[in-house]
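Observations on chain architecture
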Amino acid sequence: MITDKIFEGLNDRQREAVNCLEGPLLVMAGAGSGKTRVLTCRIANLLANGVKPWNILAITFTNKAANEMKSRAASMIGEPARNVWLSTFHSFCARILRADVESTGLRRSSFAIYDTSDSRALIKNIIKDFNLDEKRFIPAVVQSKISAAKNMLVGAQRFADSINFDSDRSLFDQKVAEIYLEYDRRMVENNAMDFDDLLLIAVRMLEKNEDVLDKYQRRFQYILIDEYQDTNVAQYRLTQLLAAAHHNLCVVGDADQSIYRFRGADIHNILSFERDYPEAKVVLLEENYRSTKMILDAANAVISNNDNRKPKKLWTRNALGDRLTFFEALNERAEAQQIVHEIKSLREQNFAYKDIALLYRTNAQSRALEEAFLNAGMPYVIVGGLKFYERREIKDIIAYLRLINNLQDSISLTRIINVPRRGIGQTTIAKLDQFAANSELPLFDIISDVEMLIRAHIPAKAKQSLYQFAVFIHDCVERQNEFSIPEFVLHVLEASGYMTELRDNVTTENEARLENLGEFVNVAKEFARDNPSGALEDFLNHIALISDLDNLKEEEDRVSLMTVHSAKGLEFPVVFVTGLEEGLFPHASSMMDSDALEEERRAAYVAITRAQKKLYLTCATTRSTFGKEQMNARSRFIDEIPLELIASARRTRPTPPPSMMPRRFQSFYEAPAQPKKSFQMPVKNKFMPDVGVEWSTGDRARHGKWGEGTVLKVQGAGANAQLTIVFDDASIGKKNLIVQYAPIKKI
DNA sequence: GAACTCAGCTTTTTT
DNA sequence: AGCTGAGTTC
């Protein structure tokens, strides 16, 4: 019997939630209480009761969680489970927008999705064009204001209006409003949407068009939302619109794990669910299956210091477990060293590397940890941080693909117009921008038209390269159907000269870039395999919305390093919560604001509850921040944990200087002396020019970037001599170089 | 145009 | 400390 399988091993509360299929349902699920399991089983149960998979919509926080849930449901109920709409809010919105936004007249369906840095680049352009001072109008600040407004469903016009009516508002906000209006205008012009637009415009679409709303309301008879405590106004409104017709809405979350206030998440969405849906059934899941009693007690103790919360106590039948381990190291290097040391002993206790996670509050902390791992030769993976899709070479190839897919995308065009170098400099780009602004044409239209290039007063050389570039892009547009997506990616990389540039300039950095591009081709292959009929546009859409976390592969035995935020929803047998210092965790920016401080404490709660068996809490007495040594007090969160739960050296602050310490403790506090420079970040190989070598016509030279060539002309002598070199690679051609400055060698 | 130097800023967390 | 952007030089 299928239903037996669904209910097998569930506790009474969980059964209740899985069994309640109709009407609004709120599942308050404490950390580790089997929340994912309930969601999965509930989906399976809906299917078992004859609900069609395409009538179910389930929203999760990451694509990874979505896929996992899909597989689990499929193993319970069979393949039809794969037809459930299971995705993140953002992918869901992208999908319905592709399908229907064009019919509402709001946007075209072929829009590009800009990530944070693309949209910041656009804001920066606008600030420049408005002749505003970049010191006062910091692009990132303006961006976050606009983002906050969008997350609250405040469009540009309403944002501007709300300021005009308020005479006290500063000039700053008025300017932000102007930038916001212009930003929207250019996003339309570029045929692009940012992450916030996906939500905002999807809501507008459903509000504006009854037919479309009706269609999706009919389609999604049953809606499930995970991590409901982290929804923002736009997501809340979207949920409300979709569920309005039937109220078959199940939301799952834990107010104590709400840690995304900074991006507009509103904890009240979950707290007032019962007010929004008075007929709602509420199920509390308080039995924890994940952690030992020790860990859970520590978590409960910390979170109980938050005043603004509904009291709740997680409990477990699990074993008492080991006491937590706390240590304070001398500095962040010693902290990392000590962690490495602990991991070695964990290995002797039969823990695998992949059983272990290191959590930190800020990405910057990963550096010291990474160094220690490299030195120790210990396998690790950094989840998040400088993400794969944020690497320069990956953004470059994506920009090429986006431009080919959407010739109006001027942001992508400017990114790669001179990558690899084509002799198109700032002056030329400024002229083009000017001309584009005056003629209201997309940049690409201008560079593909020689007439216009002349009118824009582009010098002959630049004109030539621009035109060649335009021809190349046009050619790619026309020929894209000759290739599969991975082949096309390779074609673009080769034919643009991008690969040549990387291959000719052999540095560790470039080798890493080539490797990353290879990985990108693999992503394309995977996509092509999973979506045989997928177009370039679908591929772009796919990669715009997958996060690093989605790629966390479990098969490799490596220690995971990530921020507390990235760790949400994950669990590990052993967890190290690092950098537990006042000013860092809780972060300095939260100290003035009790709401922010409570959010920090929830982050600490999330961190602690990731651990199943063993929990380590660590901090450093001094830490160098911005290149300066800083003394930090131990985090208050440590002092909120009852003493009896903690083993080992605590309350040792201030740490005595090494000379005052009994010798047997020294190694505990201080990293062993290590050769300086034993770790080096990949640096560009500097090609030192051969100063002191005399050159003459006909000599052969090797250039760091452009390969080999022949000297055509020599002007002057010694270090200051100017050489004219014809490079063998015809696409590079003739270059004038100063001996003393150019990366060249005589061969 | 390319490559260098210097000043100033960075670090909160992310789809 | 390490990165970006502005300014400078040839």
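The following refers to the structure shown. Predicted model only: the values in this text are computed from it and were never measured.

This paragraph deals with the overall build of chain A. On a plain count of helices and strands, chain A comes out with 30 helices and 23 strands. Taken over 747 residues, chain A has a buried fraction of 53%. Partitioning the intrachain contacts of chain A with sequence separation of at least 6 by distance along the chain shows that 74% fall at a separation of at least 24. Roughly 34200 Å² of accessible area belongs to chain A as shown, and the carbon and sulfur atoms make up 50% of that amount.

On to the protein's contact with DNA strand B. Around DNA strand B, a shell composed of 25 residues is seen, among which R361, N363, G425, T563 and H587 lie nearest. Here the atoms of DNA strand B within 4 Å of the protein split so that 51% fall in sugar or phosphate, with bases taking the remainder. Side-chain polar atom of H565 to a base oxygen of DNA strand B: 3.4 Å apart, as the coordinates give it. A class-by-class count of the residues in the surface near DNA strand B yields six nonpolar, 14 polar and five charged.

All right, on to empty space enclosed by the protein then. Remark: the empty space left among the atoms is shown by a probe the size of a water molecule rolled over them. Applying the stated criterion across every chain, the model contains three cavities of 30 Å³ or more. Quantified by volume, the largest cavity comes out at close to 50 Å³. V302, V577, L580, F585, A604, I608, L617, F637, I638 and I641 together form the lining of the largest cavity. Looking at the lining of the largest cavity, the elements that each hand over two or more residues are α28 (594–608) and α29 (636–639).

Right, let's get into the packing of helix α6 (residues 116–129) against helix α9 (residues 171–189). Where α6 meets α9, the axes come as close as 10 Å, and the angle between the chain directions of the two elements is 120°. In terms of orientation, α6 and α9 fall into the oblique class. The crossing of α6 and α9 is right-handed. Two secondary-structure elements touch here, α6 through S119, L122, I123, N125, I126, I127 and D129 and α9 through I179, E182, Y183, R186 and M187. Taken together, the residues of the contact of α6 with α9 sort by class into seven nonpolar, two polar and three charged.

Criteria and cut-off values
- Residues numbered from 1 in each chain as written.
- Chains lettered and ligands numbered in written order.
- Predicted model: local features only at pLDDT ≥ 70, side-chain atom pairs only at ≥ 80, totals over all residues.
- Heavy atoms only, no water.
- Helix = DSSP H or I, 4+ residues; strand = E, 2+ residues; numbered from the N terminus.
- Buried < 20%, exposed > 50% of the residue type's maximum accessible area, 1.4 Å probe, protein only.
- Contact = heavy atoms within 4.5 Å.
- Areas by Shrake-Rupley, 256 points an atom, 1.4 Å probe, with all protein chains shown as cover.
- Near = heavy atom within 4 Å.
- Polar contact = N/O pair within 3.5 Å; in protein donor to acceptor, adjacent residues only side chain to side chain.
- Nonpolar A, V, L, I, M, F, W, Y, C, P; charged D, E, K, R; others polar.
- 1 Å grid on protein atoms, 1.4 Å probe; cavity = no way out; pocket = protein on both sides within 12 Å on 5 of 7 lines; lining within 4 Å.
- Points joined across faces, edges and corners; volume = space filled by probe spheres on them.
- Axes fitted to C-alpha atoms, helices over the stretch in contact; angles between N-to-C directions.
- Parallel < 35°, antiparallel > 145°, perpendicular 65-115°, else oblique.
- Left-handed = near helix turned anticlockwise from the far one by under 90°.

Honestly, that's just the spatial picture; any functional story needs more than this.
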